[in-house]
Amino acid sequence: SMAEKHFKYIALGGGVSGGYAAREFAKQGVQPGELAIISKEAVAPYERPALSKAYLFPEGTARLPGFHVCVGSGGERLVPDWYKEKGIELILSTEIVKADLSSKSLTSASGEIFKYDNLVIATGSTVIKLSDFGVQGADAKNIFYLREIDDADKLVEAIKTKKNGKVVLVGGGYIGLELSAAMRVNDLDVTMVYPEPWCMPRLFTADIAKFYEGYYTNKGVKIIKGTVAAGFSSHDNGEVKEVQLKDGRVLAADIVVVGVGGRPLTALFKGQVAEEKGGIKTDGFFKTSVPDVYAVGDVATFPLKLYGELRRVEHVDHARKSAEQAVKAIKASEEGKAVEEYDYLPYFYSRAFDLSWQFYGDNVGDAVLFGDNDPASSPHKFGSYWIKDGKVVGAFLESGTPEENKAIAKVARVQPPADSLEQLSKEGLTFASKI
Ligand code: FDA
Ligand code: NAD
């Protein structure tokens, strides 16, 4: 029978959280042989955001080992040798297909069994597929999704073989906006399709979206709103040929990229652990309802102290910080010590073309725009505040300097009162710089 391996700590998932957990374990003095990172990917943990940005660029291209964690936050780059030196076992190309939390064991697709004393669930998200809701022809060749490095490699190959070809981007969220830019930079002909009245509706106001839609249009990206991809036709060789839209229009396509959202990977633990809001429920130390089991990153639904509610966050900054918090909590509890409860300020960002925005806090209440959001003018400095119950609770800024970004982060954390929306709009960044 298959060998059984035992570890004091296992991180299940070798993505952003898995990698940052490894670094924190090392900082806390983990002993050789105590920790294993198990990942179905073939490579050591890396900064996933690179996949939709520099990984796809024709110039200044990012490739491993260049973007292993923790370079994305200015930290040490953990190449495979780093894990060897620390005695941390990196168990790659290994998919766990069964988890039994009562017997503390994980089983891989090839039947290996891994036992643990403490488990950190860091399985992240997977993509929602068009075939999940029965879109016809969605299994044609050259219809791509982007989550892992293998997906990115397939896209890079398609960009090479379909030079000057037509790309249809399905979805107007993060993947839609970052990938349509990356495809344009590769000189492909790009059309975006999304159902909502404006892009990134989860975060952007109409005023914010107006800037990006105008800017993208000026860069040659065509935008079709208010409809969805209803079906695909293919060539005889199986490659995608056309995208049929629900409104009846038909678009020729050599490449289709789909970004219609993510789904947290919690299925392994269904019925074994408390869930909430689609994720695994944790406390402010990322402890789940099961003793010795923690959940971090995209899969964790945790108390967001600042807003007094449970939230799930699918962004890299939280993936890093939640992993560090969980490991600190594990080590502290072993020593009978305590760590402070997680007190997270939501931070999201994106980069595309020569644009770069940051958002901090909560996008609830009334929004006011400040600065110049005309895509034709330069230097594209504009932003938005969100005001709830007379307090500024969220702030967005395009093309901010590091100091300006720091200032809006502080606003979102401090939540200063604001009496008049007009005044706030007029003051813009001056308001933030005074906090
Ligand atoms: P992550 O997805 O990083 O890691 C999970 C790992 O677990 C993967 O390696 C997976 O293979 C593995 N795994 C899952 N199930 C397994 C199993 N059963 N057995 C073995 N291994 C298993 N955020 C942001 O703030 N700014 C940005 O610019 C971007 N950009 C961006 C681009 C792209 C293309 C994506 C897909 C995502 C982003 N994000 C982002 C989001 C950010 O990357 C994401 O929130 C974090 O990677 C989440 O970290 P986790 O460790 O939770 O999951
Ligand atoms: P998303 O939730 O950001 O956007 C999904 C979009 O899909 C919606 O805005 C909508 O426009 C569109 N949509 C939904 N159903 C559709 C349909 N049937 N047809 C056409 N469009 C449809 O998700 P995503 O862009 O796919 O990103 C996936 C994950 O990766 C998320 O967790 C996201 O946070 C993460 N990510 C983050 C960043 C970043 O933070 N900069 C970058 C890339 C990816």
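See above for the structure.
Novice: Would you take a moment to explain helix H4 (residues 174-185) for this structure?
Specialist: Every α-helix carries 3.6 residues per turn, so stepping three or four residues along brings you back to the same face. With 12 residues, H4 ought to run about 16 Å at 1.5 Å a step, and its terminal C-alpha atoms sit 17 Å apart, in line with that. In terms of burial, H4 is largely enclosed, as nine of its 12 residues are buried. Among all positions of H4, only Tyr174, Gly176, Leu177, Glu178, Leu179, Ser180, Ala181, Ala182 and Met183 are buried. Of the residues trailing H4, Asp187 is marked for its positive phi of about 65 degrees.

Novice: Looking at this structure, I do not really get the site of ligand 1. What am I missing?
Specialist: For ligand 1, the set of nearby residues contains 33 residues, the closest of which are Ser17, Glu41, Lys53, Glu148 and Asp298. One of the side-chain nitrogen or oxygen atoms of Ser39 is found 3.5 Å away from an oxygen atom of ligand 1. Protein chains bury 95% of the 1000 Å² of accessible surface belonging to ligand 1 in isolation. Those elements giving two or more residues to the shell around ligand 1 turn out to be helix H1 (16-27), H4 and helix H6 (316-334). Class assignment of the residues belonging to the shell around ligand 1 gives a composition of 12 nonpolar, 11 polar and 10 charged. Each of domain 1 (4-126 + 263-334) and domain 2 (130-260) accounts for three or more of the residues forming the shell around ligand 1.

Novice: Can you walk me through the environment of Gln358 in this structure?
Specialist: Along the chain, Gln358 turns up in strand E23 (residues 355-361). By relative accessible area, Gln358 is classed as buried at 15%. For the pair Gln358 and Lys84, spaced 274 residues apart in sequence, the C-alpha separation works out to 36 Å. A polar side-chain atom of Gln358 sits 2.5 Å from a polar atom in the side chain of Tyr360.

Novice: I keep staring at helix H7 (residues 402-414) and nothing clicks. Help me out?
Specialist: Given a rise of 1.5 Å per residue, 13 residues ought to cover 18 Å, and the 18 Å separating the end C-alpha atoms of H7 matches this to within 8%. Elements that come into contact with the buried residues of H7 comprise E23, strand E25 (382-388), strand E26 (391-398) and helix H9 (429-433). Backbone geometry just downstream of H7 places Gln415 in the positive-phi region, at approximately 55 degrees.

Novice: Help me understand the packing of aromatic side chains in this model?
Specialist: In this structure the tally under the stated criterion is 27 aromatic pairs. Note on Phe204 and Tyr212: the rings are 5.1 Å apart at their centroids and 25 degrees apart in plane angle, and the pair reads as stacked. Phe204 gets classed as buried once you look at its relative accessible area, which sits at 3%. For Tyr212, a relative accessible area of 4% puts it in the buried group.

Conventions we followed
- Residues numbered from 1 in each chain as written.
- Chains lettered and ligands numbered in written order.
- Predicted model: local features only at pLDDT ≥ 70, side-chain atom pairs only at ≥ 80, totals over all residues.
- Heavy atoms only, no water.
- Helix = DSSP H or I, 4+ residues; strand = E, 2+ residues; numbered from the N terminus.
- Expected span 1.5 Å × (residues − 1).
- Buried < 20%, exposed > 50% of the residue type's maximum accessible area, 1.4 Å probe, protein only.
- Near = heavy atom within 4 Å.
- Polar contact = N/O pair within 3.5 Å; in protein donor to acceptor, adjacent residues only side chain to side chain.
- Areas by Shrake-Rupley, 256 points an atom, 1.4 Å probe, with all protein chains shown as cover.
- Nonpolar A, V, L, I, M, F, W, Y, C, P; charged D, E, K, R; others polar.
- Domains from an automatic or database assignment.
- Contact = heavy atoms within 4.5 Å.
- Phe/Tyr/Trp six-rings, centres within 6.5 Å; stacked < 30°, edge-to-face > 60°.

Interpretation in functional terms is not warranted from these geometric data alone.
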